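Next come the chains, spelled out residue by residue.
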Amino acid sequence: MSATPEGITSGVLKTKVGVLTNLAPRASLTEAALNSDLVAAATSSLRLGDVQLVVDLGAVQVLNSAALETLADIQDQAVRLGGWLKLAHANAIVSDILRLTGFTRYVSLMDSPGENPPATAGKSRRLGDILVDRGVVSEEQIEEAVTLQKITTKRMGQIIIDNGWASEMDVLSALGEQLEVPVIRLRAGVYDADVVNLLDRKTLGRLQVMPLQQLRGEVFLATVDPQAMPVFDEVERRTGLRVQPVLARREDIQNSLNDACAGNIDTIELFDDVDEDFEVIENNLPDDYSAIDEMAEGSPVINLVNSLVQRAIRDGASDIHIEPSRHKSRVRFRIDGVLYEVTTVRAELHPSIVSRLKVMANLDIAERRLPQDGRIQVHTQGRAVDMRFSSLPGLFGEKVVLRVPTFKSLLGNTHGLILVTGPTGSGKTTSLYAALNYLNSIEKNIVTIEDPVEYQIEIVNQNEVRDQIGLSFSTILRHTLRQDPDIIMVGEIRDRETAEIAVQAALTGHLVLSTLHTNHAIGAITRMIDMDVEPYLLSSALIGVVAQRLVRTICPACKTSYLAGPELVSQYGWEGEGQVQLARGRGCSECYDSGYRGRLGIHEMLDVDDGLQRLITANAGRDELAGYLQQRDFRPLFEDGLDHARAGETTIEEISRVIKA
């Protein structure tokens, strides 16, 4: 049966297919004018007696709450006349919107790819039973969770997530089945910005919820807790709408709130509420601030700066750029080598933000004419993070860059020497190969010198050492410099000649990666000097050292949790942190009764700053270098290992065995 064109009502194409009238909006249903066109097209069809309507959503990428109300109203009109309205060709985002709002109560869906079958009624089933039936967790883990629940008073789902037995989405999905609440993958397009603005950003951050859509006197609220009745009561009181909970991951809610509020430059409450464990490690500061500096000490600016730093660390950013212009200040993060604009703030707030950062870096807040460099230390996500601060005066104010030192940030340099250290079997070569894969591209000439070549990598020019014919590390390295390399990987620095050539290559514009057999990062400096490398050359060439070990991870099949005793709490300075939960493996057939299965890396990273350069040039001893790093709150291997133990990935005994062996 062929379709008969009926005409175009502005943004809506109307055609007849037998007794069906097909209405096809030509764009997303987010504009009032297009919604009006759809109403006009539907009304004209109903007046002509065409009461069986199909709205083709093939060209609709997203729709808002006003469009939902429009479609529901059209359905009501059609039903009163003995007809109906159906929807067709909804994409994944539109299907998710229709599903989370329960729109099928009003309108039938014909072939929506995102439509899920209705959840099985599960109110009489326990969350643990649902997860076990789905094969997500074992009955033993549920029994252990019940025991922990009595001790910690945490909810079952949170205990399961904290122990790593199931992902947050797995638990939410089971909870949604149990309570018959929709579960959504929250992302841009699913929420209506006008509905989000029903509540102010501060309230949303405090309640940890996000309004998504509004329909027929109900607001559909993203939350991680579908039973948070006090929260729902407050939202209903503030909005005058009935709350219908929708389950979503906590991180997705926070990220979506950031994105939804990022365009509002009239407020500085743009980011997440700062996590409880976030702490700025302050130094002693003077009290005589100017008016701008007093504003920088105000809570909103502090919260903005803290949340900026926290989000950058969480997102894996290597740099934070805060750049002033005539009308606004732009914030960008460098992630995986590429800068992304995160948000903008009003231009008049920029000096306050810079002053706050200078306070954190213990710099001269009155000096705004000259560049300044410093260091900021924060504690977040259970670890200390040391950041470099750099300011540069410009036409519209001071541009600030915060560099978060990571292995990737070291690899972002175009020249210099990077060393990976550790004993045999600690994964040094694997780390170098991972670095090469990260750096590898057709625009770069990468040359490796290995003994032997362990992995073959496309585009990379790999060379194997053959000492029996005189083809040593130093010989190949010397000739490699005539091959116009951008990046050189030397499998291992074993002698003075190789060390000197590697340093010279780093000083002449090449990025050089290599390994050394030392137990700690500091040992790399003293070992290079012991090889008769001139300290003044090493201080200029070396940009970073990464020391690493491989530790066994707890077997997931027999993983069990326990509370750390008073002796452990006292030994590792965990007083005041409440009950400290650790994990271990009981031993089972899958791990040969060892309690461990698999391995992970623990690391310490030393990035060379001006102070360390001066010490290297002065040929400082190991104790003096260690003292300087301690002042910098350098994070050694053992502390990184403790973080993994606190996260339930390995044990303190395993960390001690590997590091102190």
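Up top you'll find the structure we're talking about.
**Points about empty space enclosed by the protein**
Taken as a whole and assessed by the stated rule, the structure comprises 1 cavity of 30 Å³ or more. Estimated volume of the largest cavity: approximately 40 Å³. Every residue lining the largest cavity is listed: R375, D386, M387, R388, P405, D607, D609 and R632. Here the lining of the largest cavity gets 3 residues from one element, more than from any other, and that element is strand 15 (residues 383-394).

**Considerations on the pairing of strand 2 (residues 12-17)**
Two elements, strand 2 and strand 3 (residues 20-25), share 6 bridges in a ladder whose sense is antiparallel. Residue pairing in the sheet places V17 in a bridge with L20 of strand 3. The loop that links strand 2 with its antiparallel partner strand 3 comprises 2 residues; one of these, G18, has a positive phi angle of about 65 degrees.

**Here's the deal with the sheet that holds strand 8 (residues 218-223)**
Sheet architecture is open: 3 strands sit in the order 7-8-9, paired in mixed fashion. Two strands lie at the open edges of the sheet, namely strand 7 (210-215) and strand 9 (242-247), each paired on one side alone. When the angles between neighbouring strand axes are averaged without regard to direction, this sheet yields 30 degrees. The pairing of strand 7 with strand 8 spans 5 bridges and is antiparallel. For Q214, the partnering residue across the bridge sits in strand 8 and is V219.

**A look at the packing of helix 24 (residues 637-646) against helix 25 (residues 652-659)**
Direction vectors running N to C along helix 24 and helix 25 enclose 155 degrees, while the axes themselves pass 9 Å from each other. The angle between helix 24 and helix 25 places the two elements in the roughly antiparallel class. You can see that helix 24 and helix 25 cross each other, and the crossing is right-handed. Across the interface between the two elements, L637, F638, G641, L642 and A645 of helix 24 pack against I652, I655, S656 and I659 of helix 25.

**Observations concerning the environment of A260**
Structurally, the position occupied by A260 is in helix 11 (residues 250-261). For A260, a relative accessible area of 25% corresponds to the partly exposed category. Separated by 67 residues in sequence, A260 and A193 place their C-alpha atoms 6.4 Å apart.

Criteria and thresholds
- Residues numbered from 1 in each chain as written.
- Predicted model: local features only at pLDDT ≥ 70, side-chain atom pairs only at ≥ 80, totals over all residues.
- Heavy atoms only, no water.
- 1 Å grid on protein atoms, 1.4 Å probe; cavity = no way out; pocket = protein on both sides within 12 Å on 5 of 7 lines; lining within 4 Å.
- Points joined across faces, edges and corners; volume = space filled by probe spheres on them.
- Helix = DSSP H or I, 4+ residues; strand = E, 2+ residues; numbered from the N terminus.
- Pairing = 2+ DSSP bridges.
- Axes fitted to C-alpha atoms, helices over the stretch in contact; angles between N-to-C directions.
- Parallel < 35°, antiparallel > 145°, perpendicular 65-115°, else oblique.
- Left-handed = near helix turned anticlockwise from the far one by under 90°.
- Contact = heavy atoms within 4.5 Å.
- Buried < 20%, exposed > 50% of the residue type's maximum accessible area, 1.4 Å probe, protein only.

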